[in-house]
Amino acid sequence: MYGNLDFTLRAFPSTLRITGGREIPFARAILSLHNAGSVTAAGLVPHATLSEERGLVHDATEALKRATPADSIPPGGELTWDVYDLILAAHPGVASKVHLWGYKAALNWWIDFSAWAEFREEGAASSLLTGVSRWKLRWSPAGPPVETIDLSIEAL
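Residues numbered from 1 in each chain as written. Predicted model: local features only at pLDDT ≥ 70, side-chain atom pairs only at ≥ 80, totals over all residues. Heavy atoms only, no water.

Caption draft 1: Structural context of the pattern of salt bridges. Counting across every chain of the model gives five salt bridges. Between glutamate 23 and arginine 17 there is a salt bridge whose closest N-O contact spans 3.1 Å. Of the residues examined, arginine 17 reaches a relative accessible area of 57% and is grouped as exposed. Residues lysine 65 and glutamate 62 are paired through a salt bridge, measuring 3.2 Å at the closest nitrogen-oxygen approach. One end of the pair, lysine 65, and the other, glutamate 62, are both in helix α1 (residues 61-66), three residues apart, so they sit about a helical turn from each other. (Salt bridge = Lys/Arg side-chain N within 4 Å of Asp/Glu carboxyl O. Buried < 20%, exposed > 50% of the residue type's maximum accessible area, 1.4 Å probe, protein only. Helix = DSSP H or I, 4+ residues; strand = E, 2+ residues; numbered from the N terminus.)

Written out as C-alpha cells, the structure reads:
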C-alpha cells in the first residue's frame, strides 16, 4: 500500500444470467480500491493487466477506466469493479469464446490479474503510484447436479 490506497480482490456471491434467461449461482470477483488515508485521492487512473494460463498479457486499463465511476476517492471511500465483466471487456479471446459457448468457456482457466493506480493527494501537484497487486483466479463448477460456479483466488 502506498499513499494509503489498497487493492483487494474477493469472491462475492451473486448470480449470472445464462442462455434461456435462467440465473445460476455465480461467485463474482470484486476488485476494490480503498482509501485508508485522511486525504482525498484525486486524479485517479486505475490500471490492470490480465493473462489466461500465462498466455499473452492483455492491458485492461481502458476497460477499467471506462468502468470507473469517479476519478477520486474520499478518505474511507472505496471504488469497486466486477472482474468477470472487466475480463470480457478487455480480453477479446475470452469474450469471443463466451459469446459463442456461454459462460462455460471461461471456466477452469487460471487468469493472472494485476492492478495498480496512479493518483495524487488532493491539493498536491505530483502523482503517486500504488504498489502492483497480483492474483490468480479461476472460476470452476461446484459440482453436479447444481449449476453453481465457485471462484478460487490466490494472492501472488
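Caption draft 2: A look at helix α2 (residues 83-90). Taken together, the buried positions of α2 are Val83, Tyr84, Leu86, Ile87 and Ala90. Angular distribution of buried residues about the axis of α2 spans 160°; they occupy a single face of the element. Where α2 begins, one side-chain oxygen reaches toward the backbone nitrogen of tyrosine 84, 2.9 Å away; that side chain belongs to aspartate 82. (Arc of directions from axis to C-beta. Polar contact = N/O pair within 3.5 Å; in protein donor to acceptor, adjacent residues only side chain to side chain.)

Caption draft 3: Local environment of the packing of aromatic side chains. Tallying each qualifying case throughout the model produces four aromatic pairs. Both rings, one in phenylalanine 26 and one in tryptophan 139, keep their centres 5.9 Å apart while their planes meet at 10°; by these two values the pair is stacked. Separated by 113 residues along the polypeptide, phenylalanine 26 in strand β2 (residues 23-35) and tryptophan 139 in strand β8 (residues 133-141) bring together distant segments of the chain. Residues phenylalanine 26 and tryptophan 139 agree in their burial class; the two are buried. Joined through ring pairs, the aromatic side chains of Phe26, Tyr84 and Trp139 make up one cluster. The ring of tryptophan 110 is capped by lysine 136, whose NZ or CZ atom sits 4.7 Å from the centre of that ring. (Phe/Tyr/Trp six-rings, centres within 6.5 Å; stacked < 30°, edge-to-face > 60°. Lys NZ or Arg CZ within 6 Å of the ring centre and 35° of its normal.)

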